[in-house]
Number of protein chains: 2
Amino acid sequence: MSQMKIRAASASQLWRGASARCAEETRVWKRSGVRARSNKALTLNTLNPNIVKLKCADRGPLVERAEVLEKELAMGALKPFKHVIKANIGDGHALGQRPITYLRQVVACVAFPDLLTKSHIPADVKERAQLLLDSCGGKSMGSYSASHGLEVIRRHVADYIEARDSCPADWRNVCLSAGASRAIKLCLSMFCNDLDGKPSGVLVPVPQYPMYSAALAEFGLVQVDYFLDEERNWGLKVPELQRAVEEASKRCNVRAIVVINPGNPTGQVLTYETIKRVIHFCREHGLFIFADEVHQDNVYAPGCRFHSFKKVLTEMGCEYKDQELASFNSISKGYVCEGGLRGGWVELCNVDPEVRANLDKAISVSVCPTTLGQTAVDCVVKPPMPGEPSYCKWIFEKIAVQESLKQKAHMIASTFNSMPGFQCNIVQGALYAFPRIVLPPRAVDAAVEAGMTPDVFYACKLLEEAGVCVMPGSGFGQRPDTYHFRTTILPQHQLLMEMLDVFRKFHNKFIKEYC
Amino acid sequence: MSQMKIRAASASQLWRGASARCAEETRVWKRSGVRARSNKALTLNTLNPNIVKLKCADRGPLVERAEVLEKELAMGALKPFKHVIKANIGDGHALGQRPITYLRQVVACVAFPDLLTKSHIPADVKERAQLLLDSCGGKSMGSYSASHGLEVIRRHVADYIEARDSCPADWRNVCLSAGASRAIKLCLSMFCNDLDGKPSGVLVPVPQYPMYSAALAEFGLVQVDYFLDEERNWGLKVPELQRAVEEASKRCNVRAIVVINPGNPTGQVLTYETIKRVIHFCREHGLFIFADEVHQDNVYAPGCRFHSFKKVLTEMGCEYKDQELASFNSISKGYVCEGGLRGGWVELCNVDPEVRANLDKAISVSVCPTTLGQTAVDCVVKPPMPGEPSYCKWIFEKIAVQESLKQKAHMIASTFNSMPGFQCNIVQGALYAFPRIVLPPRAVDAAVEAGMTPDVFYACKLLEEAGVCVMPGSGFGQRPDTYHFRTTILPQHQLLMEMLDVFRKFHNKFIKEYC
């Protein structure tokens, strides 16, 4: 057996092992409704079944394998590649993006205020750091902030939203969180309630960001899929929402909808008109809107523009004043890509006052989000102004990131589209491409034989043979018998060129092997 | 009506308003099992009932009122006090504690690595910062770490535990989290499972840290109270555990126990023998142990010493090798008190491998804890060593905090015990005193008239008349007809002297008024 085959076999074993373990676990759990005899207080039989059912598309065995390969390379192992390119998640800094100086200077100063006396720190950085420190108990970031976040930062977020939308924003409706995901999970948890004997359902786009399927499973909520239209650049169509609601109504109360705009993994940017139609549909069906707008600063395609749900809803007039909306944003994306710092927020609109009071209570019993993450949020929503010492550097760095992303978004889609069997929609926005691949029937057979879905089989081989880690489409959901994968567009120019080159060579070889 | 009475009346209205609102909400919710007609997708009738039932003892109306008073004072309002002393939570920095220089320097350097070239940063700080940066994707804290935390820090935590206990610790059993509370909630969520038609129950000490009651309510788990013995310095007695389990077995499956050591709010430190007895009891009853050991570095009383459950369990031998344990620690307490930075961890011992695999999966679908909080954890578990440039300053700062806490722990208990009607156990450890107060019958009547429990009535008046915010004992649980409050011992010496003086004067006046 050749080296290559051994590698493919070991990847296949890995995947099969993990799948078999999961399947066996589920079987055991299903078989037994009662507490098993064991010396342990907690066994698979007695564990929260929602945890057993959880799936983790973007952090599964493939990512574990990528980490093993990285370690092996670091220890001098010989592979057909020199390093692993982890294009599986939107992690800008991991792929070479540099931090924005102003943001990091402010964070460093609030962490270690002695820096406020140093001449190498610009005056506006010091001023901002002092303002934030003055808002903390004992003027220290080590004190807890209010659970909703520091008031001064919530006010700055509201100002930022006002400026973005030209619509009023009330800072009391803004709640800071440790990244958007925490706020999203908190808001989803409000729907854990069986009404008329049926669980709550939440409309989720397919393909979707797998955090949603995981959170819904964790909370025992029903995921109601609506398919995006790949032929129309992953368009969101109201008749499809209608179909999804009608079909799901037998098994659950559909009470909310998640819209990801710009789309993850699909990269589409919704038009003003589409958003209007979605809001209208939600009002008609009494749906609470989760607007996942964490990629709002990542829009590239000519003619595309980000419109927030909040703005469109407000402009639809007082007829829609009861339409509930939670809009999420994060510093993990945009042009700063500060995922590790954990900063984000939700703006809540038109939520029932009694519900708000209870949600505020639930927020209050949690400890505050990290104050340093909050600081980073402040720098994003209130960057340096023209005339301030840090302005030129800041705008230079920001534009460089944005221009680079724009180029890469274009380059990645056009490269994929030049490859046989690939079909990739324009990356209008966000940080990912989600191309469709047509796999030869023999590859599909080989995947089945290896106990994998064909997209997983392809991604496994890509990792083992070329060192590129992408996420198979099945983790995001895809129409039956279509195969995709998600790759981020974030690798820095040189790395992306290398990745696309490696990709092309791998794909040609793959096609030759299975044709 | 005098100024004083107006103030008392307004506090009473505030409290009654909040209570009435809560009660009404609960009534409405109970009355209606079905979805109410409303334009909103989410109303009180259709909200997750566990959120409606949530209570927030240490962040309720009293804290809100304290914040209003602070704002009024800042705007120049005349009050009988110049500032509000927020002794309600263990928030060291808010009460004047200074950060540990080494920790903050490392955090600043990883946030803004340009500092690594500056001569005013000590070499060991630079070295540590570089080590941590090298472990991050793209050498930036802005990249996501693994969901369990950076491996290098998990290894340092394991080393720290090994040195503490003289027992082996496996870094793979250590999971970093954004403060201990996130890890505690994650572990509690494993027990959400009705077995034989009964929900899971968790033994919780009374008095207890209210995060537990809130988390249990949120997860729909049954809180099974076991009372600590106030007469024996809040001792934990196995017969009381036995009683609690027996009584609760009718309504739930008791599956886990929370032990807080050193105690919050009660300040007791468990002896080696007591921990042994508790572990033995847990094995007999198949209970998973939650060892909340976040105050392990805060032990003051002569003869008292912290023993970790992990150490005792390990030393009990292989007969106990199946006893499950989750031990929690945090950088929010100890001598650093960095609550705002959000760093903590859990060590999992003897957990069933299939359960572990599923828990790891649940951790993996969540985004990592803040990398800067993880950095702070690293500084706590691996501080400067003798001979390193930062060692002297670090040890000086550490000892200063610890000595100060020791003095304050003593001072606060002895001051309370010198006041009529007060009875305060020795503060052996942790950051709080929880004195019992005997209130005159007329004060109890006045409380009833004001629609408050007597401890709330006392705490309200203390806030309105003296500007000191403490937490009423009812939020932590107390035996019927006993009244307590919790105050932190954290105010800096001068502030604490002032607080105790104000307290004494207020109490004398209160007793005179109601005697």
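Residues numbered from 1 in each chain as written. Chains lettered and ligands numbered in written order. Predicted model: local features only at pLDDT ≥ 70, side-chain atom pairs only at ≥ 80, totals over all residues.

Section: unusual backbone geometry
Following A:Asn264, the chain continues into A:Pro265 via a peptide bond in cis, with omega recorded as 10°. If you trace the backbone, A:Pro265 turns up in the loop between β5 (253-260) and α10 (272-285). One non-glycine residue, A:Ala430, adopts positive backbone phi at about 65°. Among the secondary structure elements, A:Ala430 is positioned in the loop between β9 (422-423) and β10 (432-433). One non-glycine residue, B:Asp196, lies in positive phi territory at about 50°. Tracing the backbone shows B:Asp196 in the loop between α7 (180-189) and β3 (200-206). (Helix = DSSP H or I, 4+ residues; strand = E, 2+ residues; numbered from the N terminus.)

Re the domain arrangement of chain A
All names here are of chain A. Under the domain assignment used here, chain A contains domain 1 (51-83 + 398-514) and domain 2 (181-324). Using C-alpha coordinates to define each centre, domain 1 is positioned 27 Å away from domain 2. Contact residues are listed per partner, giving 27 residues for domain 1 and 27 residues for domain 2. Secondary-structure elements contributing two or more residues to the side of domain 1 that touches domain 2 are α14 (391-417) and β10. Here the side of domain 1 that touches domain 2 takes three residues from α14, the largest share from any one element. Looking at the side of domain 1 that touches domain 2 residue by residue, the class counts come to 13 nonpolar, seven polar and seven charged. (Domains from an automatic or database assignment. Contact = placed C-beta atoms within 7 Å. Nonpolar A, V, L, I, M, F, W, Y, C, P; charged D, E, K, R; others polar.)

Thoughts on helix α8 (residues 210-219) of chain A
All names here are of chain A. Across the 10 residues that make up α8, a large majority, nine, are buried. Among the residues of α8, those classed as buried are Pro210, Met211, Tyr212, Ser213, Ala214, Ala215, Leu216, Ala217 and Glu218. Contacts from the buried residues of α8 go to α2 (49-53), α7 (180-189), β3 (200-206), β4 (222-227) and β5. Two residues or fewer after α8 comes glycine 220, characterised by a positive phi angle close to 70°. (Buried ≥ 20, exposed ≤ 12 C-beta atoms within 10 Å, placed from the backbone.)

Let's talk about the relation of the copies chain B and chain A
The transform that puts chain B on chain A rotates by 180° and translates by 0.0 Å along the axis, for an RMSD of 0.1 Å. The superposition of one copy onto the other is thereby described by a two-fold rotation axis. No C-alpha of chain B lies nearer the rotation axis than that of B:Ala108, which sits 2.1 Å from it. Of the interface residues in chain B, 100% have counterparts in chain A that sit at the interface too, so the contact is made through matching surfaces. (Least-squares fit on C-alpha atoms with pLDDT ≥ 70 in both.)

Regarding the packing of helix α3 (residues 61-74) of chain B against helix α16 (residues 454-466) of chain B
Residue and element names in this part refer to chain B. Relative to each other, α3 and α16 sit at 5°, their axes nearing to 11 Å. Put simply, α3 runs roughly parallel to α16. Mapping the contact onto sequence places Leu62, Arg65 and Ala66 in α3 and Ala459, Cys460 and Leu463 in α16. Of the residues assigned to the contact of α3 with α16, the class counts are five nonpolar, no polar and one charged. (Axes fitted to C-alpha atoms, helices over the stretch in contact; angles between N-to-C directions. Parallel < 35°, antiparallel > 145°, perpendicular 65-115°, else oblique.)

Re the interface of chain B and chain A
Opposite the 80 residues of chain B that make contact, chain A presents 81 residues. Contributing elements (two or more residues each) for the side of chain B that touches chain A: α2 (49-53), α4 (101-111), α7, β5 (253-260), α12 (353-364) and α13 (371-381) of chain B. Looking at the side of chain B that touches chain A, the element that brings in the most residues is α12(B), giving six residues. Grouping the constituent residues of the side of chain B that touches chain A by class yields 39 nonpolar, 26 polar and 15 charged.

So, the packing of helix α16 (residues 454-466) of chain A against helix α17 (residues 493-514) of chain A
Residues and elements named next belong to chain A. Where α16 meets α17, the axes come as close as 11 Å, and the angle between the chain directions of the two elements is 115°. The hand of the α16/α17 crossing is right-handed. Where α16 approaches α17, its residues Lys461, Leu462, Glu465 and Ala466 are matched on the opposing element by Val502, Phe503, Phe506 and Phe510. The class makeup of the residues in the contact of α16 with α17 is six nonpolar, no polar and two charged. (Left-handed = near helix turned anticlockwise from the far one by under 90°.)

Re the nonpolar core
Nonpolar side chains in soluble globular proteins generally cluster together in the buried interior. Membership of the largest hydrophobic core comes to 310 residues, with the highest contact counts inside it found for A:Leu203 and B:Leu203. Leaving out residues up to four positions away in the same chain, B:Leu203 has contacts with B:Val224, B:Tyr226, B:Leu241, B:Ala244, B:Val254, B:Ala256, B:Ile257 and B:Val258. (Core = buried A, V, L, I, M, F, W, Y, C linked by C-beta atoms within 7 Å.)

Side note on the sheet that holds strand β4 (residues 222-227) of chain B
All names here are of chain B. Taken in spatial order, the seven strands of this open sheet run β2-β8-β7-β6-β5-β3-β4, and their pairing is mixed. Each edge of the open sheet is held by one strand with a lone partner, namely β2 (174-177) and β4. Neighbour-to-neighbour, the strand axes of the sheet open up by a mean angle of 25°, direction not taken into account. Sheet topology note: the strand β7 (residues 325-330)/strand β8 (residues 344-349) ladder contains six bridges and is antiparallel. What sits directly across from phenylalanine 328, in β8, is valine 346. (Pairing = 2+ DSSP bridges.)

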